[in-house]
Amino acid sequence: RIKSVAGEWRISEAPNLTVLISPNFKVLFRAYSLYFFDNARKYLVPEMRWFPSRVSTGTRMMNALLKGPSDWLAPSVSAIIPAGTKLNINSVITTDGVAKVDLTAAALKLSRAKRALMKAQISATLVQLPDVERVEISIQQSPMDIASSYNGEVEVANTTPVALTDSGLYHFGVSGMELIYGTPNKVAAVGARDFAFDTKEQTLILTGPTGSYSYSMTAFGSRGVAIDTRENQLSPAIDNFGWVWTLTGEANSEFRAFKEASRVVSNGWFGDATPVDFSLSEEGSRLASIYFVNDTYRTYVQAVHRDNTGRPLYLGAPRRVDSASGATDVSWANSNALLSLIPGAGESVVPWLSEIGGQSRNLTVVSGAYAAIANRVGQIYVLQQSREVVTLREVTWSFLARNVSAIHISGR
């Protein structure tokens, strides 16, 4: 709190906090991910946290993992480790690359299968430390022979983009643009202006003026199945469970997910706000979106709550991403960060990388940017209003292709 004293402002009351300037913070703390399994217990979901750079970092990370996820993420992850489980000896000891974790008796409640999941969580969390290569778990000082049968990793997505043109879909190949067989007639039939591909490029979604249509790329001459005929649809998405997500750019629009049939994914958080863009994280447990509300573009992340088969049920409370305020396009750059486009002066657009729970930084300004994507190795591609695609090489944008309507990485 502040108050005026003799015409000048003074701090009258301050919270009991320690304030660090950014350079000191970066030296004293480091970001690590805690890993939790999704509702279907198939994929690991990261949550970035900051820990002091000390010998005790591994212990602090384990204590945080045992306490569970943050409230905003909780609806999208499954509780594997029993509530009340703690470190039996409050220390994670690392010797010759092996981190030894001793848990209290509460962990004995776990079945053999869940113990494997628990080990996957703990291993993925602790191997981020430079001196940890593997993990050994004991309960009440009794060593546990737990199989390393789960890694929880998402199938590696393609690293080169797919481009939509008036004449079909193309891969960006080493020797140039390579046409994807069977797509020209499908693109023409829908009047496609956007699309989504699953990781294996077996299911294609094309979005045009009359809605979104699903095509099987494994059946010759397959006809499109209308999955959402609403007008003004945004870019669709396909998650790793095979669900197709659609949303329109109309106020109060609802998310719809389609597999064998269409269903509404409950998301009553935004009232009459207008959706602008959305993107699913690669494991499908988090959703980033942009809404136009109160004359401002705001970016949010939400937990995706699913049942144990991966069917989406509802979206959790939104968490605002302040570093992406004003953005008009959003996609996941990696498992922990968003890539956004924020309009600047004139035709200039500033790409931003915003870590969820971490730091953010801007990239080289690009003219007339309309959409941006990043592959898993960090290469960034931008589609401009001129329908040209450019990619960032060091600090310079280099031309790749023209006459492109949309770009995506298959499976992202």
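Residues numbered from 1 in each chain as written. Predicted model: local features only at pLDDT ≥ 70, side-chain atom pairs only at ≥ 80, totals over all residues. Heavy atoms only, no water.

Caption draft 1: Structural view of the pattern of salt bridges. Considering all chains together, one arrives at 12 salt bridges under this definition. With a shortest N-O distance of 3.3 Å, Arg387 and Asp166 are connected by a salt bridge. Taken together, the residues Arg387 in the loop between β31 (380-384) and β32 (389-393) and Asp166 in the loop between β9 (162-165) and β10 (168-173) connect sequence positions 221 residues apart. Take Asp166: its relative accessible area is 60%, and that puts it in the exposed class. Sharing partners across several salt bridges, the network here consists of Asp228, Arg230, Glu254 and Arg256. (Salt bridge = Lys/Arg side-chain N within 4 Å of Asp/Glu carboxyl O. Helix = DSSP H or I, 4+ residues; strand = E, 2+ residues; numbered from the N terminus. Buried < 20%, exposed > 50% of the residue type's maximum accessible area, 1.4 Å probe, protein only.)

Caption draft 2: Local environment of helix α3 (residues 112-126). End to end, α3 covers 21 Å across 15 residues, agreeing with the expected 21 Å (1.5 Å per residue, within 8%). Across the 15 residues that make up α3, a large majority, 11, are buried. Those residues of α3 that fall on the buried side of the exposure criterion are Ala116, Leu117, Met118, Lys119, Ala120, Gln121, Ile122, Ser123, Ala124, Thr125 and Leu126. On the buried face of α3, the contacting elements are β3 (29-37), β4 (44-52), α2 (57-67), β6 (98-103) and β7 (134-139). (Expected span 1.5 Å × (residues − 1). Contact = heavy atoms within 4.5 Å.)

Caption draft 3: Region of the structure containing empty space enclosed by the protein. With the rule as written, the count across this model stands at one cavity of 30 Å³ or more. Each pocket or cavity is described by its volume, and for the largest cavity that value is around 50 Å³. Ile238, Asp239, Asn240, Leu280, Ser281, Glu282, Gly411 and Arg412 are the residues that line the largest cavity. (1 Å grid on protein atoms, 1.4 Å probe; cavity = no way out; pocket = protein on both sides within 12 Å on 5 of 7 lines; lining within 4 Å. Points joined across faces, edges and corners; volume = space filled by probe spheres on them.)

Caption draft 4: Layout of the sheet that holds strand β33 (residues 396-401). The four strands are arranged β30-β31-β32-β33 in an open sheet whose pairing can be described as antiparallel. Strands at the two margins of the open sheet, each flanked by one partner only, are β30 (369-374) and β33. Strand-to-strand twist in this sheet, taken as the mean axis angle between neighbours without regard to direction, amounts to 30°. (Pairing = 2+ DSSP bridges. Axes fitted to C-alpha atoms, helices over the stretch in contact; angles between N-to-C directions.)

Caption draft 5: Here's a closer look at the packing of α2 against α3. Between α2 and α3, the least distance of the axes is 10 Å, while the angle of their chain directions is 140°. Relative to α3, α2 is oriented oblique. Handedness of the α2/α3 crossing: right-handed. Packed against α2, whose contacting residues are Gly58, Met61, Met62 and Leu65, the element α3 presents Gln121, Ile122, Thr125 and Leu126 at the interface. Among the residues making up the contact of α2 with α3, the classes are represented as five nonpolar, three polar and no charged. (Parallel < 35°, antiparallel > 145°, perpendicular 65-115°, else oblique. Left-handed = near helix turned anticlockwise from the far one by under 90°. Nonpolar A, V, L, I, M, F, W, Y, C, P; charged D, E, K, R; others polar.)

Caption draft 6: Layout of the pairing of strand β22 (residues 296-306). In terms of residue burial, β22 counts as a mostly covered element, since eight of its 11 residues are buried. Where strand β21 (residues 286-293) and β22 come together, eight bridges link them in antiparallel fashion. In the strand pairing of β22, Val293 is matched with Thr296. Looking at chain direction, β22 and strand β24 (residues 319-320) are connected through two bridges and run antiparallel. Bridging from a neighbouring strand, Tyr300 pairs with Arg320 of β24. Across three bridges, the pairing between β22 and strand β23 (residues 312-315) is antiparallel. The residue of β23 that forms the bridge with Arg306 is Pro312. In this structure, the hairpin formed by β22 and β23 is closed by a connection of five residues, where Gly310 is found at a positive phi of approximately 95°.

Any functional reading would require information beyond the geometric quantities listed.
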